Amino acid sequence: MVDVARSGNSRDNEDEGDGPADQDKPGDPATSGRKASGKKKPRSFWKELPILIGVALLLTLLIQTFLARVFVIPSESMEQTLHGCPGCYGDRVLVDKLVYTFGEPEPGEVVVFERPNTWNQSEFTAERSSNGFVAWLQDVGAAFGLASPNEDDVVKRIVAVGGQTVECCDEENRVLVDGEPLDEPYIYWLPGNNTQESFPPIKVPAGMLWVLGDNRNNSCDSRCQGGGGKNGLVPVDNVIGKVRYIVLPPSRWRGVGDHNPQSAATNNAMPFVPLGLGFAAAVPTVWLGKRVRTAIRSGGVSK
C-alpha cells in the first residue's frame, strides 16, 4: 500500500512538472530567433525624410489655407506700423484667416485683402522672373512669405464699415466718421507733409469697407483708387484676414494693434483666436520634431 501511494505521488509530481518543461527557457536560441525575427526593423533616416517633408508641407498647406498665412509687406503705405519698401526686406506678418469666420471686420483693424476690380493702381511691382518655372517657384515662395507677394494682395487699415459715412477733414485735419473725428495715433506723417488730402462725405454701403494707409500721405487707398468715391470701397468678401503679428525680422517682433479710431477702447474681440492658432501650430511642430529625432536615431543605428 505504501509503494502504490508513493508511485502515485511520483506520477503526479511528474505531471505537474510537465508545464514548466514545455515552456520556452530564457536564453533558448530558438526562442531568441523567433523574437528577433518578429521585431520590426526601423526605417533609416533617409527613408523617413521624404515622409517627414511631405507631412510638413501638407500641414503647412492646411494651416495657410484655413488658419493663418505669412505675408510680405512690400510697400511703405503702412509705415510705421508695418515696414516695407521696394527691393528691401519688408516685414513678414502673420495674418489670421479664421477670425472673420466668427465676426465681421471692425474699424481700426489692419487687414490683408484682394485688390477689388475697381482698384486700378498698384503700390508696387511684384518681382517675377521671365522664366516660367522660376516665376512659379516665386509664387510658391510668396504663399509662404518667402518672396514678394502678388500685386493683388493689399494691406490697409479699416476706417469705416457698412452704414457709416466717412469724410475728411475737420478744422484740425482729422477724418470724420458719422460726423465724429477719429482718434488715429498710428498715422505717420512724412517730414513737412502733415496735411492729408480732403474728400467729400462717402456713405459706405453694407458689405463694404473704407480703408486708409497709416502712412497717410504716401498711400493710394480708398481715397484715390478707381478715382475715389464708391470705386475706392473694398468688399468684405475680399478680405483675406486680419494682421496679428510681425514675425520677421526678429528685431521687429511684436503684435499689430487694432486701436479703434472711433473709440478710446481697444478692440479685444476674439482674444482666444491667437492662442488657438498658436496651439494649432505648436502641436504639429512638436509631433514633427519627435518624428525627426526618432528617424535620426534610427538612421544612426540601422545599416
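Everything discussed here concerns the structure shown above.
This report concerns the structure included in the present document. Here the residue index of a chain counts from 1 through its sequence in written order. The predicted nature of this model means local features are confined to residues of pLDDT at least 70 and side-chain atom pairs, given and counted, to a pLDDT of 80 or more, with totals for whole chains, interfaces and linings taken over all residues. Side-chain numbers come from the whole structure's heavy atoms, not from hydrogens or water.

A side-chain nitrogen of Lys or Arg and a carboxyl oxygen of Asp or Glu constitute a salt bridge if their distance falls within 4 Å. Considering all chains together, one arrives at nine salt bridges under this definition. In this structure, Asp-258 engages Lys-242 in a salt bridge whose closest nitrogen and oxygen atoms are separated by 2.7 Å. With Asp-258 in the loop between strand E12 (254-255) and helix H5 (272-301) and Lys-242 in strand E11 (residues 239-248), this pair connects stretches of sequence that are 16 residues apart. Each member of the pair, Asp-258 together with Lys-242, is buried. Salt bridges sharing partners connect three or more residues here, namely Glu-109, Lys-242 and Asp-258. Strands are runs of DSSP state E lasting at least two residues, helices are runs of H or I lasting at least four, and both sets are numbered from the N terminus onward. We call a residue buried when its accessible area falls under 20% of the maximum for its residue type, exposed when it is over 50%, and partly exposed in between, using a 1.4 Å probe and counting protein chains only.

Ring pairs shown here join Phe, Tyr and Trp side chains whose ring centres sit within 6.5 Å, with only the six-membered ring taken for Trp; geometry is labelled stacked below 30 degrees between planes, edge-to-face above 60, and tilted in between. Tallying each qualifying case throughout the model produces two aromatic pairs. Centre to centre, the rings of Phe-113 and Trp-119 are 5.5 Å apart; their planes meet at 80 degrees, and the pair counts as edge-to-face. A relative accessible area of 0% means that Phe-113 is categorised as buried. Accessibility expressed as a relative area gives 4% for Trp-119, which makes it buried. We count a charge as sitting over a ring when the NZ of a lysine or the CZ of an arginine lies within 6 Å of the ring centre and within 35 degrees of the ring normal. Geometry around Tyr-186 places Arg-157 over its ring, the cationic atom sitting 3.7 Å from the centre.

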